[in-house]
Amino acid sequence: MGTDFDVLLNPDGPSHQVGAASEALDEIVRLDEQYSVYRAESELSTLNRLAAEHRVEVEQQLFRLLRRGCALAQQTEGAFNPIAGQLIELWRRTRREERAPTESERRQAIEAARLDRVEFDDARSAVRFSAPGPRFDLGAIGKGYAVDRAAEILVEQGVENWLVHGGKSSARVRGCHVEHDGWPIALQNPLLPDRRFLTLILRDMAMSTSGTAVQWYRHQGKRYGHILDPRTGWPVEVMLSVSVIAPDAALADALSTAFFVLGVEKALSYCDNFENVGVILFPLPDDGRTLAPIIRGVPQDRLYFADPA
C-alpha cells in the first residue's frame, strides 16, 4: 500500500501481545498482496483485467469490501468512488509527462467510473463489469480496511489496549494508553505540517485524515493536489485537510476523502447522516494563512489545541 503500518502497545500489556501484533502486521502484508493495483497478479488486478469479459469470483471478505465501497460511493454522490482507477492512473501518467489531462482523456476516465457498470453476484462472491472501463482502486479505503483487519486480530487474541495506524493518516484504537482515557493522536497544521495543531484523545474509534499538504505538484504555475473529484476529473482545491472520526477505519478513510471532495456545507450535511461520525474540516483560509477549523460531532473535552506560538 506504499506506506508503513505500526501497532502501538502499552508496556504493561499481556505477554502474548507482541506476537498478536506481529500476526496483525502479517495480515496487512497479505492484504497488500491481494489488492494492490501495483501488483499485476494481485486478486484485484486480475479482477480489473477480466471482469469486463466475464464474472470474476473473489475472496468473500474482498467482495464485501468492494460492495461496501460502491455503496459508500452512492451515499456520497460519487465524491468517493472506488472504481475510478482509470482516472487516478490518468493523473499519475500525465504528472510523469509533466502535463495536465486533455478534456477528452478526462471525460473518458469519468465515463469509465460509472457505478452502474459494476454488477455484484452475492451468491458467488463475484463481480462483473457490464462494459469496459471500470477499474477498482482502493487507495481511499484500503488502508483503513487493512487497519480494521489488523484490529480484528488483536481483539481475537485478547489484547485490550492498542493503536494501529497506517501511514499516520488512518488509525484505529482500543482502550487506553498508559494514564490517558484513550490514545492521543496529533493532527498536524495543514499549512505547516511540521507543527501540531491539536491532539485528539480517541478511544474505541477510528480516525482518518485526507489532505494535500504533502502530495502535490505544479504544472505551468498551477498547483495540483492528489485528491481528485471523480465527478469532474479535476483535483479538489477548496479544502486543506479533513479528518473523520468513525467506528471503523475503512469508513473513516472513505469519508475523509468524500468530505474533502464535497466541501464544507455538504460534508457537514453528510456527516449528520452517518451514525457516530464526527469531522474536523480545514477549509482554505480566506487570507491564505489563518486557519479556521470547523468541527462537528467531536466532543470538545477530547480536543487539546496546541499553543499558537
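Model, not experiment: these values are computed from the prediction. (Residues numbered from 1 in each chain as written. Predicted model: local features only at pLDDT ≥ 70, side-chain atom pairs only at ≥ 80, totals over all residues. Heavy atoms only, no water.)

Next up on the list: the side chain of T94. The topology assignment puts T94 in helix 4 (residues 85-96). Taking the relative accessible area as the measure of exposure, T94 reaches 0% and is therefore buried. At 3.3 Å, the side chain of T94 and the backbone oxygen of W91 are in polar contact. Among residues more than four places away in sequence, those in contact with T94 are R99, A100, P101 and E105. (Helix = DSSP H or I, 4+ residues; strand = E, 2+ residues; numbered from the N terminus. Buried < 20%, exposed > 50% of the residue type's maximum accessible area, 1.4 Å probe, protein only. Polar contact = N/O pair within 3.5 Å; in protein donor to acceptor, adjacent residues only side chain to side chain. Contact = heavy atoms within 4.5 Å.)

Another aspect to go through is the sheet that holds strand 15 (residues 303-305). Read from one edge of the open sheet, 3 strands run 7-8-15, paired in antiparallel fashion. Where the open sheet ends on each side, the last strands, each with one partner, are strand 7 (183-188) and strand 15. Sheet twist, expressed as the mean angle between neighbouring strand axes with direction ignored, is 25 degrees. (Pairing = 2+ DSSP bridges. Axes fitted to C-alpha atoms, helices over the stretch in contact; angles between N-to-C directions.)

Two numbers describe how helix 4 lies on helix 5 (residues 103-112): the axes approach to 8 Å, and their chain directions differ by 150 degrees. As far as their axial angle goes, helix 5 and helix 4 are roughly antiparallel. Where helix 4 abuts helix 5, its residues Q86, L87, L90, R93 and T94 lie against E105, R106, Q108, A109 and A112. Tallied by class, the residues present in the contact of helix 4 with helix 5 amount to 4 nonpolar, 3 polar and 3 charged. (Parallel < 35°, antiparallel > 145°, perpendicular 65-115°, else oblique. Nonpolar A, V, L, I, M, F, W, Y, C, P; charged D, E, K, R; others polar.)

On to the nonpolar core, then. Judged by nonpolar contacts, the single largest core of 73 residues is most densely connected at Y35, L47, F136, V244, F259 and V277. Contact partners of F259, with chain neighbours within four places excluded, come to V242, V244, A267, Y270, C271, V277 and V279. (Core = buried A, V, L, I, M, F, W, Y, C linked by side-chain atoms within 4.5 Å.)

Under the definition given, this model contains 31 salt bridges. With a closest N to O distance of 3.3 Å, E57 and R124 form a salt bridge. Here E57 is found in strand 2 (residues 56-57), whereas its partner R124 is found in the loop between strand 3 (118-121) and strand 4 (126-129), with 67 residues between them in sequence. Overall, the relative accessible area of 49% leaves E57 in the partly exposed class. A salt bridge links R203 to D181, with the nearest nitrogen and oxygen atoms 2.6 Å apart. Of this pair, R203 sits in the loop between strand 8 (196-202) and strand 9 (206-211) while D181 sits in the loop between strand 6 (170-174) and strand 7; the two residues are 22 residues apart in sequence, bridging distant segments of the chain. Relative accessible area serves as the criterion here: at 36%, R203 is assigned to the partly exposed category. By relative accessible area, D181 is classed as partly exposed at 41%. (Salt bridge = Lys/Arg side-chain N within 4 Å of Asp/Glu carboxyl O.)

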